[in-house]
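Letter by letter, the chains look like this.
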Amino acid sequence: MKDIFIKPGSPLRKFFPIVRTLRYWAWKFHDRAGICLVICGGKVRFMDAELNFPEKVGMAYSTPLFWNGPDAYEAPTSRTLSLLMKHSCAFFDIGSNMGIYSVYAGVKYPKVKTFSFEPIPSIWKKNCAFHLANGLSDKHVHQLALGDRAGEQEIIIPVYANGLEEEQTATLRADLWQSREKNVEKFKIQCATLDVFAAENTLPDGPCCLKIDVENFEAAVLRGAKKFISARRPWMVCEILATQNIDPATGIRVNDNAEVLALVKELDYIPFAITADGFFRMTAADFDRPRRTKDFLLLPQEKVSGDISYLALENIGAILST
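For clarity, every value in this text was computed on a predicted model and none was experimentally measured. (Residues numbered from 1 in each chain as written. Predicted model: local features only at pLDDT ≥ 70, side-chain atom pairs only at ≥ 80, totals over all residues. Heavy atoms only, no water.)

J.: Explain the side chain of H142 here, please?
T.: For H142, the location among the structural elements is in strand β7 (residues 141-142). Accessibility expressed as a relative area gives 17% for H142, which makes it buried. Discounting chain neighbours no more than four positions away, the residues touching H142 are F115, S116, F117, E118, W124 and F197. (Helix = DSSP H or I, 4+ residues; strand = E, 2+ residues; numbered from the N terminus. Buried < 20%, exposed > 50% of the residue type's maximum accessible area, 1.4 Å probe, protein only. Contact = heavy atoms within 4.5 Å.)

Rendered as structure tokens:
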């Protein structure tokens, strides 16, 4: 597949609105011609907001959003986070990457104070540029990873020759599949805990939400945030991946979410799978079974009746309003 980068000033973009209305044909052209028209900068809609992408920033987001519509990126998870932001005073974007959720929050809900955490220097710089391009301050874009201890740690990021930008699967866990890829980059980054960060910074009072996307490092994030979570009872959206561990005896990838599930239980939260059809309550046995769902809504136990196994987006809105 050959990539052609379309910058905001390109005359080709004048014709794209017509082509974009026929999205099926646009992707058919991409596939048959072996050419991908990459949207490299400019304004692109994400959900119900228009975001301004700097050139060579967030192309893996802007391209599918431009060609396939504003709900092309993680639609169920994105809608969930948007609803949580609407009812929050603060949004913590832990594992922010390019910062699409932080920037969306700043554009759509300017009264919500956002805190964006991205430790990889090159991605952090793009995150800052993305904020500034949308008229947002980069003051709260932190070049920092959150975990269970402060100080330097080694992060591992796979490097692929055909990637549009930096890979999004960097991890602080040396025992995962990333370390066994053919080409990897390893370097030191700064880490902190959310508990210490909250103690050292002025945070707004009131409801808050956390988005945790840290490639199987979520148990460390939760351990380092116990005081904050116990005191603030935030709404949380957490990526909990399946089949990331490899059985040394068989070489087969297996689920191993026991540690993070124990912490969720200890903190008195209930996990719900985020799907296009709503939110389904998960048990520990459900996490052991084969699954495609990777994003979960963690609800404070005191907010959900014990007999509820399913919630619609409207139900979440009603809970948030109480």
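Let's pick the thread back up.
J.: Is there a simple way to explain the pairing of strand β3 (residues 42-46) in this structure?
T.: Consecutive residues of a regular strand have side chains that alternate between opposite faces of the sheet. By the alternation rule, side chains of β3 split into G42, V44 and F46, which are all buried, and K43 and R45, of which none is buried. Pairing of β3 with strand β4 (residues 49-53) involves five bridges; the strand directions are antiparallel. Across the sheet, R45 pairs through a bridge with E50, a residue of β4. Counting the residues between successive antiparallel strands, the hairpin from β3 to β4 contains two residues, one of them, M47, with a positive phi of roughly 55°. (Pairing = 2+ DSSP bridges.)

J.: What should I look at first to understand the pattern of salt bridges in this one?
T.: A side chain of one charge can pair with a side chain of the opposite charge when the charged atoms of the two come close. Per the stated rule, a full pass over the model turns up 13 salt bridges. With a closest N to O distance of 2.5 Å, R289 and D286 form a salt bridge. Judged by relative accessible area, which is 45%, R289 ranks as partly exposed. When its relative accessible area of 22% is taken as the criterion, D286 is described as partly exposed. Taken together, the shared-partner salt bridges connect E74, E239, K294 and D295 into one network. (Salt bridge = Lys/Arg side-chain N within 4 Å of Asp/Glu carboxyl O.)

J.: Looking at this structure, I do not really get the layout of surface pockets. What am I missing?
T.: Any empty space left between atoms is shown by rolling a water-sized probe over those atoms. The calculated volume of the largest pocket comes to roughly 500 Å³. Counted by class, the lining of the largest pocket contains 20 nonpolar, seven polar and nine charged residues. The space that makes up the second largest pocket amounts to roughly 320 Å³. Around the second largest pocket, the lining is made up of 18 residues, and of these G163, E165, E166, E167 and Q168 lie nearest the centre. For the lining of the second largest pocket, the residue count by class is 10 nonpolar, four polar and four charged. (1 Å grid on protein atoms, 1.4 Å probe; cavity = no way out; pocket = protein on both sides within 12 Å on 5 of 7 lines; lining within 4 Å. Points joined across faces, edges and corners; volume = space filled by probe spheres on them. Nonpolar A, V, L, I, M, F, W, Y, C, P; charged D, E, K, R; others polar.)

J.: I tried to follow the nonpolar core on my own but got confused; where do I start?
T.: Among soluble globular proteins, nonpolar side chains are generally buried collectively. In this structure, F92 and I100 are the most contacted members of the largest nonpolar core, which totals 93 residues. Residue contacts for F92: discarding those within four places in its chain leaves F115, F117, L194, F197, L203, C208, C209, L210, K211 and F228. (Core = buried A, V, L, I, M, F, W, Y, C linked by side-chain atoms within 4.5 Å.)

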